[in-house]
Amino acid sequence: MSDRTLDFRLPFDVPFYSLVKLELPVFEPDDCPLCRQNVPLVKPGSRKHSS
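Below is a summary of the structure that appears in this document. This structure is a prediction, so every number in the text was calculated from the model and none was measured.

## What to know about the overall build of the protein
Moving on, step 1. The helix and strand tally for the protein stands at one helix and zero strands.
Moving on, step 2. By residue count, 2% of the 51 residues in the protein fall in the buried class.
Moving on, step 3. Surface exposure of the protein reaches about 5900 Å², of which carbon and sulfur atoms provide 57%.

## A short note on the pattern of salt bridges
Moving on, step 1. Scanning all chains against the criterion turns up one salt bridge.
Moving on, step 2. A salt bridge links Arg36 to Asp31; its shortest N-O distance comes to 3.9 Å.

## A few points about unusual backbone geometry
Moving on, step 1. Residues other than glycine seldom take positive phi values, yet Asn38 does so here, at roughly 60°.
Moving on, step 2. Of note, Asn38 is situated in the segment after helix H1 (33-36).
Moving on, step 3. Looking at Asn38, the relative accessible area reads 68%, which means it is exposed.

What counts, and at which threshold
Residues numbered from 1 in each chain as written. Predicted model: local features only at pLDDT ≥ 70, side-chain atom pairs only at ≥ 80, totals over all residues. Heavy atoms only, no water. Helix = DSSP H or I, 4+ residues; strand = E, 2+ residues; numbered from the N terminus. Buried < 20%, exposed > 50% of the residue type's maximum accessible area, 1.4 Å probe, protein only. Areas by Shrake-Rupley, 256 points an atom, 1.4 Å probe, with all protein chains shown as cover. Salt bridge = Lys/Arg side-chain N within 4 Å of Asp/Glu carboxyl O.

Structure (structure tokens):
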């Protein structure tokens, strides 16, 4: 896990704090359990629009 807020800089001088810290698993593509099960990738909130 990496804390991405450590690399984030605001363009102005104000305090910046993370309100939530989540421990999420990160997988290399070859080690992804969902990829091994052929679970399709879906962008959350996306849907196909019919024309």
